[in-house]
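Single-letter residue listing:
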Amino acid sequence: MANYLIKRLLLVVPVLIVTAFLVFLALHLSPGDPVDVIVGPIAPEEVRDRVRTRLGLDKPWPVQFLIYMGNIVQGDLGQSILSKRSVTEMITEKLPVTAELGVAAFAVAYLLAIPLGTLAALHRNSFIDWISMVLALIGVSMPGFWLALLLIYAFAVNLRIFPPTGHEGIESLVLPALALGLPRVGKIARLTRSSLLEVVDQDYIRTARAKGLRERSVVSVHALRNALIPIVSLMGLDLGYIVGGSVVLEAVFARPGIGDMMLQAIYSRDFPVLQGGMFVLALAIVLSNILADVAYVIVDPRIRH
Amino acid sequence: MEETYESPVPASVVESLEGRHIGRRAGVWARMRRSPGAMTGLVIVVFLLVVATAADLIAAQGIDEQSLLEALLPPGSAGYPLGTDEFGRDMLSRIIHGSRVSLQVAIIAATVSAAIGVTLGMISGYFGGTLDHVIQAAVDISWAFPTVLLAIFLVAVLGPNLGNVMLAVGLVYWGGFTRLVRGQVLSLREWEFISAARTIGASDWRIMFKHVLPNIAAPVIVMFTLMMGDAILIEATLSFVGMGAQPPTPSWGSILASGRTYLVLAPWVTLFPGIAIMLTVLGFNLLGDGLRDALDPRLR
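Remember, it's a predicted structure, so these values are computed and weren't measured experimentally.

Undergrad: I would appreciate a short explanation of the overall build of chain B in the present structure.
TA: Helices and strands together make up the secondary structure of chain B, namely twelve helices and zero strands. Helices (α) and strands (β) of chain B occur, in sequence order from the N terminus, as α-α-α-α-α-α-α-α-α-α-α-α. The long-range share in chain B, meaning contacts at least 24 apart out of those at least 6 apart in sequence, stands at 72%.

Written out as structure tokens, the structure reads:
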């Protein structure tokens, strides 16, 4: 197990380097001069050259990349062209905002989906089963930001229970968490259902029942725990979904998180922020994939290599 | 597989096996007809095709017609069954025209994705070795980013127009096809008709395209259908953040974006394009699931 882990961790570095390189390449080959963004298109040549030299943009780009990677190792992700702030500082400030939305959305999705899926498995072909299937299909087909706007209209504009935008207090987290979490409920519930159905046929369940355990304890303790194994790997996939979803939702709900930062950086062609942000996000996803794999191995007692 | 193999199968029989589908096509349609989900999906997709193709004929207004005096009228107003937007444009017409954009993106993006992914997957599975490792590493890297963000990033780099949206979406999703096809090819590689074809001297490329490809077509078609739904969702997201179709071309996502400004005054500008997106993607998902169940019931 330790060998597997070490091998996976070793792969992280080359994947990150190649990813950083691709992002770097894409940015530097794209039309649009970052110097224009800073000094404006009508600035005289000497000013532009001075800015270019100061930012190190006059060096050949392979050199620029090496300098950049060297800086990353020291924790320096560069400086925002627009706000002059350190990119590392910006990310450290905004990551918790996105993270709290992510955790809340996770909670919403799994706390609703697992009971729903369990009920669907226990009462096959009933109304609950049908509802979970419909929810799954609708959730996957619906644009997340549309749900967000509908929720804002219903709860913030009309009922005035929750604030429509902003970042203060736990009330402002409710609507975004619902918008990000609800679309996943159906799919997770379906997976719980099918996984549970598979487990329930196994011999150890029959043994538990034969021992005389109450049905409720059979289901919740023995069946569910084993059924949740594939759910764990789904959680790994969900991280990518959460980050992607938060990009647009943070714009809709005016939350100052990573997604919002990336979007602003794209609009204003703020290269350093874009590079730094993509790098950190790639790192987060790669690490969380490894974490999900490890969790899977821990949770499933049958896999022990 | 490299030793000489005395094939008992005459060359003529091997030739006749070329392109043969192992799918029992007659049974597929019968199975689909029995599934209400699949048929609903099919109806929705066909409806979309018809509406998108005949958009100019069906829609009451063209793309450019504005009528500022009639801005933000609620649904049910005279001549505007779904209301009007902030420029007085008929919502129903805009949504009809928007279907064209959605369909174009769905088809082209999924095709780009499949073309890249299937080819790489076949190469990866068939040849194996270092090439396989390299391609798989590339897939891993393409998955290291959240898809929406990657698409937004690509469009920002290439320039925000519809063509780049289709390209970007295609570039984001090819990994799925590659993994799928590679797995299929790996299991097919051992089949006898492959080694039979090799012994009569068929070249690798010929084997891949005439023998392997028809047999992996079924799951690829399923993935293609589901991908079209995903492509529409991503295009809507891109247009919503301003990176997609540019005005005056109506895209359901950009209509939603303008609806956001007028959410309190005119919620219908937000409601209807969203319903259109949801129903369309639902149609593709139902059709894809139905195809998957019909093409290989063993997988249920």
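Undergrad: Could you clarify how one ought to interpret the nonpolar core in this entry?
TA: Soluble, globular proteins show a tendency: their nonpolar side chains are buried together. Counting residues in each nonpolar core, the largest one holds 168 residues, and the members touching the most others are A:Ala148, B:Leu149, B:Ala151, B:Ile152, B:Val169 and B:Ala231. Tallying contributions element by element places helix 10 (residues 204–240) of chain B first for this core, with 17 residues. Ignoring any residue separated from it by four or fewer positions in sequence, one finds B:Leu149 in contact with A:Val243, A:Gly244, A:Val247, A:Met262 and A:Leu281.

Undergrad: Is there a simple way to think about the confidence of the model for chain A in this case?
TA: Predicted coordinates in regions of low pLDDT should not be interpreted in detail. Scored by pLDDT, chain A comes out at a mean of 81, with 93% of its residues at no less than 70. Highest mean pLDDT in chain A belongs to helix 5 (residues 87–122) of chain A (89); lowest belongs to helix 2 (residues 34–39) of chain A (67).

Undergrad: Is there a simple way to think about the confidence of the model for chain B in this case?
TA: In the predicted model, chain B carries a mean pLDDT of 82, and 89% of its residues have values of at least 70. Overall fold confidence for the complex sits at a pTM of 0.83, while the interface term, ipTM, reaches 0.81.

Undergrad: Hey, could you run me through unusual backbone geometry in this one?
TA: Leave glycine aside and you will find that most residues have negative phi; peptide bonds, for their part, are mostly trans. All names here are of chain A. Despite not being glycine, Lys 84 shows a phi value in the positive range, around 65°. With respect to the helices and strands, Lys 84 occurs in the loop between helix 4 (61–73) and helix 5. Using a count of 8 C-beta atoms within 10 Å as the deciding quantity, one classes Lys 84 as exposed.

Undergrad: Is there a simple way to explain the packing of helix 7 (residues 147–158) of chain B against helix 8 (residues 162–188) of chain B in this structure?
TA: Helix packing for two helices is described by the angle between their axes and how far apart those axes are. Residues and elements named next belong to chain B. One can describe the packing of helix 7 onto helix 8 by two numbers: an axis separation of 9 Å at closest approach and a directional angle of 140°. Compared by their axis directions, helix 7 and helix 8 come out oblique. Seen from above, helix 7 lies across helix 8 with right-handed handedness. On the side of helix 7, the interface is formed by Thr 147, Leu 150, Ala 151, Leu 154, Val 155 and Leu 158, while helix 8 contributes Asn 164, Val 165, Leu 167, Ala 168, Val 169, Leu 171 and Val 172.

The rules behind the values
Residues numbered from 1 in each chain as written. Chains lettered and ligands numbered in written order. Predicted model: local features only at pLDDT ≥ 70, side-chain atom pairs only at ≥ 80, totals over all residues. Helix = DSSP H or I, 4+ residues; strand = E, 2+ residues; numbered from the N terminus. Contact = placed C-beta atoms within 7 Å. Core = buried A, V, L, I, M, F, W, Y, C linked by C-beta atoms within 7 Å. Buried ≥ 20, exposed ≤ 12 C-beta atoms within 10 Å, placed from the backbone. pLDDT = per-residue confidence, 0-100. Axes fitted to C-alpha atoms, helices over the stretch in contact; angles between N-to-C directions. Parallel < 35°, antiparallel > 145°, perpendicular 65-115°, else oblique. Left-handed = near helix turned anticlockwise from the far one by under 90°.

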